[in-house]
Amino acid sequence: CYNEYSVKELLLTILFSIFYNFILFLGALFFFRKWHPNFLGFGLKEVKRKCRGAIWFHGVSLGEIKALAPLVSKMRTHYTATPFIFTTCTHTGYNE
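*Asks:* Explain the overall build of the protein chain to me, using residue names and the numbers behind them.
*Replies:* In terms of regular secondary structure, the protein chain is built from four helices and two strands. Starting at the N terminus, the α and β elements of the protein chain follow one another as α-α-β-α-β-α. Expressed as a percentage of its 96 residues, the buried residues of the protein chain come to 16%. In the protein chain, once contacts between residues fewer than 6 apart in sequence are set aside, the share between residues at least 24 apart is 62%. Accessible area of the protein chain: about 7900 Å², with a carbon and sulfur share of 67%.

Below you can see the structure in the form of structure tokens.
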């Protein structure tokens, strides 16, 4: 049986979790944009505009970026005039 107290408690819990997750998202958004300027695609508008028809490669980590190397070298021979875009989520992958 539900009483008024449990409904209020449920609503407060839901509101708190929404607010808490919103604050976490804002913190991550501002922190990671400073840490990695292309976080969530920010900073890529100019690249997307200039490179229409480009082939986009994304690797999350350094290992995935290195694993893309054989694929990219094969594709460079077939798509010589097509620009390639590379994105990553880590500094080590970005520096590679």
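*Asks:* Please set out the confidence of the model for the protein chain residue by residue, giving values where relevant.
*Replies:* For the protein chain, the mean per-residue pLDDT works out to 77, and 68% of the residues sit at or above 70. Ranking the helices and strands of the protein chain by mean pLDDT puts helix 3 (residues 62-78) first, with 88, and helix 4 (residues 91-95) last, with 62.

*Asks:* I'd like a rundown of the environment of Ser 61, residues and numbers included.
*Replies:* Topologically, Ser 61 is positioned in the loop between strand 1 (55-59) and helix 3. Given a relative accessible area of 29%, Ser 61 falls into the partly exposed group. Along the chain, Ser 61 and Cys 89 lie 28 residues apart, while their C-alpha atoms are 6.4 Å from each other.

*Asks:* Lay out the nonpolar core with the relevant residues and their values.
*Replies:* Within the largest apolar cluster, seven residues are counted, these being Ile 55, Phe 57, Ile 65, Leu 68, Val 72, Met 75 and Phe 84. Sorting the residues of this core by element identifies strand 1 and helix 3 as the ones contributing at least two each. Broken down by element, the residue count for this core peaks at four residues, all from helix 3. Contacts of Met 75, omitting those with residues within four sequence positions, involve Ile 55, Phe 57 and Phe 84.

*Asks:* Explain the packing of aromatic side chains residue by residue, including any values.
*Replies:* Under the definition given, this model contains three aromatic pairs. Seen in terms of ring centroids, Phe 57 and Phe 84 are 5.3 Å apart; in terms of plane orientation they differ by 65°. Their pairing is edge-to-face. Residue Phe 57 is located in strand 1, and its partner Phe 84 is located in strand 2 (residues 84-88); the two are separated by 27 residues in the primary sequence. Both residues of the pair, Phe 57 and Phe 84, belong to the buried class. For the pair Phe 57 and Phe 86, a centre-to-centre distance of 5.3 Å together with 15° between the ring planes defines the contact as stacked. Separated by 29 residues along the polypeptide, Phe 57 in strand 1 and Phe 86 in strand 2 bring together distant segments of the chain. Residue Phe 86 is classed as partly exposed on the basis of its relative accessible area, which comes to 41%.

Each value, and the rule that gives it
Here the residue numbering is sequential within each chain, running from 1 through the sequence in written order. At least 70 in pLDDT is required for a residue's local features to be given in this predicted model, at least 80 for side-chain atom pairs to be given and counted, and no such filter applies to totals for whole chains, interfaces and linings, which use all residues. Hydrogens are left out, water is left out, and the side-chain values use all remaining heavy atoms of the structure. Numbering goes from the N terminus for both helices and strands, where a helix is a DSSP run of H or I of at least four residues and a strand is a run of E of at least two. With a 1.4 Å probe rolled over the protein chains alone, any residue whose accessible area is under 20% of its type maximum counts as buried; one over 50% counts as exposed, and the rest are partly exposed. Only heavy atoms enter the contact rule, under which two residues are in contact if any of them lie within 4.5 Å. Residue exposure ignores everything except the shown protein chains as possible cover, and the areas themselves are Shrake-Rupley values with a 1.4 Å probe. By definition, pLDDT measures how confident the predictor is in each residue, and it falls between 0 and 100. Throughout this description, the term nonpolar core refers to a set of buried Ala, Val, Leu, Ile, Met, Phe, Trp, Tyr and Cys residues connected via side-chain atoms within 4.5 Å. Aromatic pairs are defined between Phe, Tyr and Trp rings, using the six-membered ring for Trp, whenever the two ring centres lie within 6.5 Å; interplanar angles under 30 degrees are classed as stacked, those over 60 as edge-to-face, and all others as tilted.

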